[in-house]
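The lines below spell out each chain.
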Amino acid sequence: MPDSHPQPPPSSSSSGPADPGSLLLCGARLTDGRTVDVRLSGGRIEAVGTAGSLTGDGTRASGSRVDLSGYLLLPAPAEPHAHGDTALSADQDGPASYEAEDVQRRATEAALLQLGHGATALRAHVRVGDVQELNALAAVLQARRALRGLTELTTVAMPRLLTGVAGADGLAILRDALKMGASVVGGCPDLDPDPTGYVETVLEVASEHGCPVDLHTDATDPPRLSRYAAMAGGLRPGVTLSPCGGLGRLPAETASRAADQLAAAGVTVVCLPQGGCGGVERRGTAPVRLLRAAGVRVVAGSGALQDVSNPVGRGDPFEAAYLLASRHGLRPEDAYDCVSASARAVLGLPEVRVEAGFPAELLAVRGERLAAALSLAYSRIVVHRGRVVARTSAVREYCNSAATAELGLPRQGRGEPS
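Calculation rules
- Residues numbered from 1 in each chain as written.
- Predicted model: local features only at pLDDT ≥ 70, side-chain atom pairs only at ≥ 80, totals over all residues.
- Heavy atoms only, no water.
- Helix = DSSP H or I, 4+ residues; strand = E, 2+ residues; numbered from the N terminus.
- Buried < 20%, exposed > 50% of the residue type's maximum accessible area, 1.4 Å probe, protein only.
- Contact = heavy atoms within 4.5 Å.
- Areas by Shrake-Rupley, 256 points an atom, 1.4 Å probe, with all protein chains shown as cover.
- Phe/Tyr/Trp six-rings, centres within 6.5 Å; stacked < 30°, edge-to-face > 60°.
- Lys NZ or Arg CZ within 6 Å of the ring centre and 35° of its normal.
- Pairing = 2+ DSSP bridges.
- Right-handed = clockwise from strand over helix to strand, strands pointing away.
- Salt bridge = Lys/Arg side-chain N within 4 Å of Asp/Glu carboxyl O.
- Axes fitted to C-alpha atoms, helices over the stretch in contact; angles between N-to-C directions.
- Expected span 1.5 Å × (residues − 1).
- Core = buried A, V, L, I, M, F, W, Y, C linked by side-chain atoms within 4.5 Å.
- Parallel < 35°, antiparallel > 145°, perpendicular 65-115°, else oblique.
- Left-handed = near helix turned anticlockwise from the far one by under 90°.
- Nonpolar A, V, L, I, M, F, W, Y, C, P; charged D, E, K, R; others polar.

Peer 1: Quick one: what's the story with the overall build of the protein, residue by residue and with numbers?
Peer 2: A count of helices and strands for the protein gives twelve helices and 16 strands. Among the 418 residues that make up the protein, the fraction classed as buried is 53%. For the protein, the share of sequence-separated contacts (at least 6 apart) that also reach a separation of at least 24 residues comes to 74%. Total accessible area on the protein is roughly 17900 Å²; 50% of this is exposed by carbon and sulfur atoms.

Encoded structure:
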């Protein structure tokens, strides 16, 4: 079975000794076909060189070493649409518990599960107001603090109502949520008696606090979506809509016109190809290719993770990318971009490349090409802030067979290095 811990390197770097906090990734394959060594230090990529070039002077190095022979090294994915307060609640009898301890435990476990898949950053939508008031948000923020150093967790405050007499309480709670530590203003305007008024209020609060906006909408009402886009235009640091599955059920001409409006407003769409986060009747994925053709930035999230909306949700960004490639016809590179570089940009995170100077937010998956990795990426090594924070080792074994021996078929066994 592959070792679960990095091994110390046999020698130091030819371009200077490794510092005590450094990590050397050896023999990794990049998407351009090169095989390289990558040295990480101080949470960033310090150097990238040809295989063996960073360990060749014959002296002992003080950093750690991970052998990535047989692995493809990628920028780590990010999860732009999670629900930490309801995740992993599908097996409960009745509604999900909003007791602080239960929410914190579920949110923590869900974040770690998604970290194991490779997501080193995630945005969690949390309901505020109603019976849970701010308790669920407080619990998710506590999970965030406990996870510091393992993953970056940010929260979206989602009030149910913001207009009318009942909306006054929702607005007060939304402001309190931002003071408490929520960093994004969100919600479901379609559930408010005055959806347009709801969005106006969200945009005003976000503008006051300099926060991004992330709203849930099925996008089945073109005039309403047009108003959303018109109001959102120019707001910085940006507006995101998700999951917009209803766009895929509209006539092509109507959907195309809506896509042009979203593009002109600079609105990002987060699609949820794994099933969405609403009821079964609202399932469906936004028309990804139509939106991209119009110039809309489209990213992919996982949505519901084993809650009442999707009891079998996996929370795996690789599955989201796989579905974008297999069902929507995106090139593997574009599909992975939707869960990595573009997803990180939506979360306001710096760009990651496997080049010196960039953040050491990386994912190694067994395989030689991205297309194959999207299909069968079981073994994964996750790097956050320059250190290995999660490792999944999958071993497939077959009984001895003359057929496999004669044909020289590859076999992943226990003797392979990690």
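Peer 1: Give a detailed account of the packing of aromatic side chains, specifying residues and quantitative values.
Peer 2: Each aromatic ring pair is described using two quantities: the centre-to-centre distance and the angle formed by the ring planes. Scanning the entire structure with this criterion turns up one aromatic pair. The ring of phenylalanine 318 is capped by arginine 380, whose NZ or CZ atom sits 4.7 Å from the centre of that ring.

Peer 1: Residues and numbers for the pairing of strand 6 (residues 79-82), please.
Peer 2: Here strand 6 runs beside strand 7 (residues 121-128); their pairing, made up of two bridges, is parallel. Residue pairing across strands places alanine 82 opposite alanine 124, the latter belonging to strand 7. Where the polypeptide runs from strand 6 across helix 1 (residues 100-117) and back to strand 7, its parallel neighbour, the crossover connection is right-handed.

Peer 1: Describe the pattern of salt bridges, listing the residues and the values that go with them.
Peer 2: With the rule as written, the count across this model stands at 17 salt bridges. Between glutamate 208 and arginine 175 there is a salt bridge; the shortest N-O distance is 2.6 Å. With glutamate 208 in helix 4 (residues 195-209) and arginine 175 in helix 3 (residues 164-180), the pair connects residues that are 33 residues apart, well separated along the chain. Residue aspartate 334 pairs with arginine 331 through a salt bridge whose shortest N-O separation is 3.3 Å. Taking relative accessible area as the criterion, arginine 331 reaches 47% and is therefore assigned partly exposed. Bridged by salt links that share partners, the residues Arg292, Arg331, Glu333 and Asp334 form one connected network.

Peer 1: Which residues make up the sheet that holds strand 13 (residues 298-300), and what are the values?
Peer 2: The strand order across the open sheet formed by eight strands is 6-7-8-9-10-11-12-13, and the pairing between neighbours is parallel. Two strands lie at the open edges of the sheet, namely strand 6 and strand 13, each paired on one side alone. Across the sheet, the mean angle from the axis of one strand to that of its neighbour is 25°, orientation sign disregarded. Sheet topology note: the strand 12 (residues 268-271)/strand 13 ladder contains three bridges and is parallel.

Peer 1: With reference to specific residues and values, describe helix 1.
Peer 2: For helix 1, spanning 18 residues, the distance from its first C-alpha to its last is 26 Å, which sits close to the expected 26 Å at 1.5 Å a residue. If you check which residues of helix 1 are buried, you get Asp102, Val103, Arg106, Ala107, Thr108, Ala110, Ala111, Gln114, Leu115, Gly116 and His117. Within two residues after helix 1, glycine 118 carries a phi angle of roughly 125°, on the positive side.

Peer 1: Outline unusual backbone geometry, listing residues and values.
Peer 2: Put simply, arginine 236 and proline 237 share a cis peptide bond, and its omega is 10°. You can see proline 237 is positioned in the loop between helix 5 (222-232) and strand 11 (239-243). Between serine 242 and the following residue, proline 243, the backbone shows a cis peptide bond with an omega angle of -5°. With respect to the helices, strands and loops of the structure, proline 243 is situated in strand 11. Residue alanine 219 is not a glycine yet carries a positive backbone phi of 65°. Here alanine 219 is to be found in the loop between strand 10 (213-217) and helix 5. Note on alanine 219: relative accessible area 3%, which makes it buried. Phi at cysteine 244 takes a positive value of approximately 60°, unusual for a residue other than glycine.

Peer 1: I'd like a rundown of the nonpolar core, residues and numbers included.
Peer 2: Counting residues in each nonpolar core, the largest one holds 81 residues, and the members touching the most others are Leu247, Leu262, Leu291 and Phe318. Ignoring sequence-local partners within four residues, the contact set of leucine 291 consists of Leu247, Ala259, Leu262, Val269, Ala286, Val296 and Val298. Listed in part, the 21 residues of the second largest apolar core include Ala28, Leu30, Phe358 and Val383.

Peer 1: Got a sec to walk through helix 4? Specific residues and values, please.
Peer 2: Over its 15 residues, helix 4 runs 21 Å from end to end, which matches the ideal 21 Å to within 8%, given 1.5 Å per residue. Along helix 4, the residues that are buried comprise Pro195, Thr196, Gly197, Tyr198, Val199, Thr201, Val202, Leu203, Val205 and Ala206. Residues of helix 4 that are buried make contact with strand 8 (152-159), helix 3, strand 9 (184-187), strand 10, helix 5 and strand 11. One or two positions beyond helix 4, positive phi appears at glycine 210, with a value near 65°.

Peer 1: Now, about the packing of helix 1 against helix 2 (residues 135-146): what can you tell me, with residues and values included?
Peer 2: Here helix 1 crosses helix 2 at 45°, and the two axes come no closer than 8 Å. When the interaxial angle is binned, helix 1 and helix 2 end up oblique. Viewed along their axes, helix 1 and helix 2 form a crossing whose handedness is right-handed. Here Ala100, Val103, Gln104, Ala107 and Thr108 of helix 1 come into contact with helix 2, specifically with Ala136, Ala139, Val140, Gln142 and Ala143. Among the residues making up the contact of helix 1 with helix 2, the classes are represented as seven nonpolar, three polar and no charged.

Peer 1: Give me the side chain of glutamine 114: which residues, what numbers.
Peer 2: With respect to the helices and strands, glutamine 114 occurs in helix 1. You can call glutamine 114 buried: its relative accessible area is 3%. The residues contacting glutamine 114, other than those within four sequence positions of it, are Glu79, Ala82, Ala119, Leu122, Ser302, Leu305 and Gly315.

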